[in-house]
Amino acid sequence: MWKVLERLLFRVTVSPTSRLAERKSFYSTLMATFNLKINGKLQKVEVDPTTPMLWVLRDHLDLQGTKYGCGIAQCGACTVHLDGIAVRSCQLPVSAVGKQAVTTIEGLSAHGDHPVQKAWIEHDVAQCGYCQAGQIMSAASLLKMNPRPSDADIDAAMSGNICRCGTYTRIKAAIRSAANR
Amino acid sequence: MDIEKTSYNRRSFLKVSVLSGGGMLLGFSLVAQSKPAGLKVQAALSGEGAELTSFIRITPQGQIAILSPNPEFGQNVKTAMPMIVAEELDVDWKTVVVEQAPFNTRLYGRQFTGGSQGIRQYWKSLRTAGASARQMLMEAAAQAWKVPVGEITTEAGVLHHKTSGKTAGYGAMATEAAKLPVPKEVKLKAVDTFKILSTPRQNVDGMSIVTGKPLFSLDYRQPGMLIAMMVHPPGFGQKLKSFDATAVRKMPGIRDVFSIKIFQEDYAQEIFDTRTFNELVVIVGRSTWEVMQAKKKLPVQWEPIADTVEKQNAFGQMRDKIVPAGLETTDAHYAGMKEREAQPAKELRRDGDPETAFRQAAKVLERTYTAPFLAHNSMEPLNCFAHVTAEKAFLACGIQAPEFTERAIAARLGMPIEKIDIQLTRMGGGFGRKAYGHYMVEAALISQKMKAPVKLIYSREDDMTYGIYRPMYRMTFRAAFDAAGNLTAFHVRGGGIPESPLGGSENNFPAGAIDHYLADEWTFPSNITVGAFRAPRSNFIAVAQQAFLDEVAETMGKDPIGFRLELLERAKTKPVGKNNTYEADRYAGVLKLVRDKSGWGQSSPANLHRGVAVYFCHNSYAAHVVDLSMKEGQPVVEKVTSAVDCGIVVNPEAAGNMVEGAVVDGIGNALFGNLTVKGGKPQQSNFDNYRMIRHNEAPKVIEVHFVKNEIDPTGLGEPPFPPVIAALANALYKATGKRLYSQPFQPALDKRNTGQPVQG
Ligand code: FES
Ligand code: FES
């Protein structure tokens, strides 16, 4: 169990020191073509290879559900799944995705009926709602790894997602009830 | 049962028309009827010639839509307002469709979200509109069935005539109803017969939120849209000198680099107009990532500002605001506030003879409290879509005070206001920050220059370092006691950078409960721009005052709740002075409720430390008890018990969520919130150096209780926020034996853990 959690945590908190931009040379204009597997569909994009998945999703694929909050892996608003595991898409360059499957909030379920989404509605979790796509993606990944998380497990998996509206207690309650489904 | 007139000053605020294709459209103004006193914003606006603000639409097929007029930023008005209409209309909530009304001052009148005003202001109008539509449907049925209208009843969107057994859905009568005159007055339901109101209802946008639908401003797109970002001076007290766009222009995807001036020099700013950094360098390109790269590479030179005079239009009153030159520093701010406090202050309220009472006191308790600048840090950074052509300016974004910004945009673009068209999107948090619409003016100017649709996006760093912070504050309280230990006099002196928190609250509790009372204030000028932040001013006064009262109670050897109740009893039975703004009974009511629900006074486990606080602001009363334990020298909030009196609770589900959110947000800001400056430059720029409360730091349990009454609803977004900080401070004292006087509290807790002396 700890192994899984550790892997999860490690993926979740990529160090912000490796800011992608800094590694890029001034005039690098190299565009490249990537064939990405997103929400079960193959998608072709032609972009600068350093472009984070966050902006590939939002600007190039018109998937607006994944949110920008900080750009440095501190807030979790941009959380997506890479082969089912929560990652911060603002720190995931498109060139690093390869054949791994990307799932965004739009692809989490066909009809908004993933147990986590259902629990979120039932507990009326959202206030402004901006952070919630990221919260839901983190929670869904947690429950996939660990279907019966303790409160400490929830704390560990969810503390990378900031909610300024302060919906944390409802998030915890919703995760608990999703786990019991 | 209330009877409500449907006209105001002889002008009807309801207007009905037949929909093309049949059915009924009832438009109604939300401004005409309600005129709450208080907030300056209202005073200026209540005279506005508002037209129609919102709509009820009933199609012949019986589909019922309610357009919610207010900008939504998470306070759930988009669900609450239609609930109020639906209650009086008497329809099945499950069949009602809720839409966001587009913003248009000619059509909709004032739309402002802030000051916890949404529901309070519109309560009567919303109810009257719903009741009027129902009345007209009943009249139409009575005419069709040739029976007296008094025999018609309704239930869940269906009209009934009991004796003849006739029934019809609202849709069937809607077209005919729309041809009838609007009734002159209507009966409103009795509060105890509510079926939708005061029952828990889920957020109407809940499904769209959990499935990632593009609801927010940042999600809004149009074909051919360009992305713009801006570069602003790195610090306050600086302005643009020059920039060199040569290299950046050649970067991939970049379309243009230029500077814009937000307001012309002679423009008289209204209340939400700001010119923090009046000239910005703008980079426009085809994708966000490309523009972000270019932004980092752009060489820009800055220079210091001179003392500047800004022209301001404060609700028609012209005045000059002086913005001092200089590169300011937080340490100097704290030192400056201390020095300024010792100089003469402006008196706000005086009862009895406070000077003599203090001179004759057997004992005086004096304590000083401070608080830092706070950044709003809404999770959605500022952004705005604009498409400006010669014909019109179209903007789409989240904005808390669209009406004000609309005027600013019209003035700046030199376009008549009719040509400005704003579409309101959902806001990813506002907390006051999105009342200041400079980003909309900026987006409009960029689009005008590019002759293209443009989305202006602030990076998180831009959002955090641009200002419009919660002001810095300092307050000193003094209490005088006679030889018998009775509280005889009270003095509060408050000030801030650049505003005082105190003005407007000098008549709030404990004024009215103490014979000799003095309140005075001062200000300290600065070039750092500040503005409304969740529960403006109260967010500090409540903390300082309620922590001080805790210490006064302790000095007198009294229970913190018992002592406050004694003061409130005095304020009720023998009030001192006039103009006291609070109702002592309601104040005491939340305190008693929180006492009973939290089990205050009962023995609790040895490692549990409790603090209490109560406050009245934005027309509602809130009290909290915070239960802490200490683990490895750090506080763990085990439980918060909250009691709130906000009149009738429209939607208990959303109301509970708002209070819980305010509790979490308050504790987070109290422990960690801190925006400091050095050489004019904000020292925090993103969430790696501006600490926000996180999931594992939130209270384990938050229990919310509402006072049950039949008072018209009052605000809820703000009132529970300020007192929770004080309750936390009081609990921290119980846990650590040290009182903390300076926010944020966390640094002192950390020092304590490392054995360093705790300051303050
Ligand atoms: S935007 Fe990626 S973690 Fe904040
Ligand atoms: S719901 Fe608003 S930031 Fe989480």
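Residues numbered from 1 in each chain as written. Chains lettered and ligands numbered in written order. Predicted model: local features only at pLDDT ≥ 70, side-chain atom pairs only at ≥ 80, totals over all residues. Heavy atoms only, no water.

Student: Could you give an account of the overall build of chain B, naming the residues involved and the relevant values?
Tutor: When you go through chain B residue by residue, the secondary structure sums to 19 helices and 34 strands. Against the globule reference of 27 Å for 760 residues, chain B gives a C-alpha radius of gyration of 28 Å, in line with a compact fold. Every one of the 760 residues in chain B was classed for burial, and the buried ones make up 63%. In chain B, the share of contacts with a sequence separation of at least 24, taken over all contacts with a separation of at least 6, comes to 76%. With an accessible surface of roughly 27,300 Å², chain B has 50% of that area assigned to carbon and sulfur atoms. Distance between charge centroids for chain B: 2 Å, based on 89 positive and 78 negative side chains. (Helix = DSSP H or I, 4+ residues; strand = E, 2+ residues; numbered from the N terminus. Rg over C-alpha atoms; globule rule 2.2 N^0.38 Å. Buried < 20%, exposed > 50% of the residue type's maximum accessible area, 1.4 Å probe, protein only. Contact = heavy atoms within 4.5 Å. Areas by Shrake-Rupley, 256 points an atom, 1.4 Å probe, with all protein chains shown as cover. Lys, Arg positive; Asp, Glu negative; His and termini not counted. Charge placed at Lys NZ, Arg CZ, Asp CG, Glu CD.)

Student: Report on the sheet that holds strand β29 (residues 609–617) of chain B, specifying residues and quantitative values.
Tutor: Residues and elements named next belong to chain B. An order of β29-β30-β31-β34 is seen for the four strands of this open sheet, with the pairing classed as mixed. Lying at the two open borders of the sheet, with one neighbouring strand each, are β29 and β34 (701–706). Neighbouring strand axes in the sheet, compared pairwise and without regard to direction, differ in orientation by 15 degrees on average. (Pairing = 2+ DSSP bridges. Axes fitted to C-alpha atoms, helices over the stretch in contact; angles between N-to-C directions.)

Student: Please give an account of the domain arrangement of chain A that cites residues and values.
Tutor: Residue and element names in this part refer to chain A. The domains assigned to chain A are domain 1 (32–107) and domain 2 (115–179). The distance between the C-alpha centroids of domain 1 and domain 2 comes to 21 Å. Listed as interface residues are 17 residues of domain 1 and, on the opposing side, 14 residues of domain 2. When domain 1 packs against domain 2, close to 1,200 Å² is buried across both sides, 58% of that on carbon and sulfur atoms. Where domain 1 packs against domain 2, one counts zero salt bridges. Counting across the interface, domain 1 meets domain 2 through seven residue pairs in polar contact (both at pLDDT 80 or more). Counting residues per element, the ones that place at least two in the side of domain 1 that touches domain 2 are β3 (79–82) and β4 (85–88). In terms of residue class, the side of domain 1 that touches domain 2 is built from seven nonpolar, eight polar and two charged. (Domains from an automatic or database assignment. Buried area = accessible area lost by both parts, 1.4 Å probe. Salt bridge = Lys/Arg side-chain N within 4 Å of Asp/Glu carboxyl O. Polar contact = N/O pair within 3.5 Å; in protein donor to acceptor, adjacent residues only side chain to side chain. Nonpolar A, V, L, I, M, F, W, Y, C, P; charged D, E, K, R; others polar.)

Student: So what about the domain arrangement of chain B? Which residues, and what values?
Tutor: A common way to state how big an interface is: give the accessible area lost once the parts meet. Residue and element names in this part refer to chain B. Structurally, chain B comprises domain 1 (3–197), domain 2 (217–309 + 382–457) and domain 3 (533–753). One C-alpha centre belongs to domain 2, the other to domain 3, and the line joining them spans 38 Å. Taken together, the contacts link four residues of domain 2 with six residues of domain 3. Roughly 440 Å² is buried in total at the junction of domain 2 and domain 3, and carbon and sulfur atoms are behind 63% of that figure.

Student: How would you explain helix α2 (residues 77–89) of chain B if you had to name every residue and give the values?
Tutor: Relative to the 18 Å expected for 13 residues at 1.5 Å per residue, α2 of chain B spans 18 Å between its end C-alpha atoms, a close match to the ideal helical length. Just downstream of α2 of chain B, aspartate 90 of chain B is the residue with a positive phi angle, here 65 degrees. (Expected span 1.5 Å × (residues − 1).)

Student: Break down the sheet that holds strand β6 (residues 54–58) of chain B for me, citing the residues and quoting the values.
Tutor: Consider a sheet: its strands pair through backbone hydrogen bonds, and that pairing is either parallel or antiparallel. Residues and elements named next belong to chain B. Reading across from one edge, β4-β5-β6-β7-β8 is the order of the five strands in this open sheet, with mixed pairing throughout. At either end of the open sheet lies a strand with only one pairing partner, and these are β4 (14–18) and β8 (96–100). Sheet twist, expressed as the mean angle between neighbouring strand axes with direction ignored, is 20 degrees. For strand β7 (residues 64–68) and β8, the ladder comprises five bridges, and the chain directions are parallel.

Student: How would you summarise the packing of aromatic side chains if you had to cite specific residues and measurements?
Tutor: What the rule picks out here adds up to 27 aromatic pairs over all chains. Consider the rings of phenylalanine 490 of chain B and phenylalanine 548 of chain B, whose centres lie 5.8 Å apart with planes at 65 degrees: the pair is edge-to-face. On the criterion of sequence distance, the pair formed by phenylalanine 490 of chain B in strand β27 (residues 487–497) and phenylalanine 548 of chain B in helix α14 (residues 538–555) is long-range, its members being 58 residues apart. Of the two residues examined, phenylalanine 490 of chain B and phenylalanine 548 of chain B, each falls in the buried class. Cluster of aromatic residues (ring-pair linked, three or more members): Phe236, Phe277, Phe373, Tyr458, Tyr466 and Tyr469 of chain B. Here the guanidinium or amino end of arginine 164 of chain A rests over the ring plane of phenylalanine 431 of chain B, the centre of that ring lying 3.8 Å away. The ring of tyrosine 733 of chain B is capped by arginine 739 of chain B, whose NZ or CZ atom sits 3.7 Å from the centre of that ring. (Phe/Tyr/Trp six-rings, centres within 6.5 Å; stacked < 30°, edge-to-face > 60°. Lys NZ or Arg CZ within 6 Å of the ring centre and 35° of its normal.)

Student: Quick one: what's the story with the packing of helix α3 (residues 115–122) of chain A against helix α6 (residues 168–179) of chain A, residue by residue and with numbers?
Tutor: Residue and element names in this part refer to chain A. The geometry of α3 relative to α6 is characterised by a closest axis approach of 8 Å and an angle of 130 degrees between their N-to-C directions. One finds that α3 runs oblique with respect to α6. Crossing geometry of α3 relative to α6 is assigned as right-handed. Contact residues: Pro115, Val116, Ala119, Trp120 and Glu122 in α3; Ile171, Ala174, Ile175, Ser177 and Ala178 in α6. (Parallel < 35°, antiparallel > 145°, perpendicular 65-115°, else oblique. Left-handed = near helix turned anticlockwise from the far one by under 90°.)

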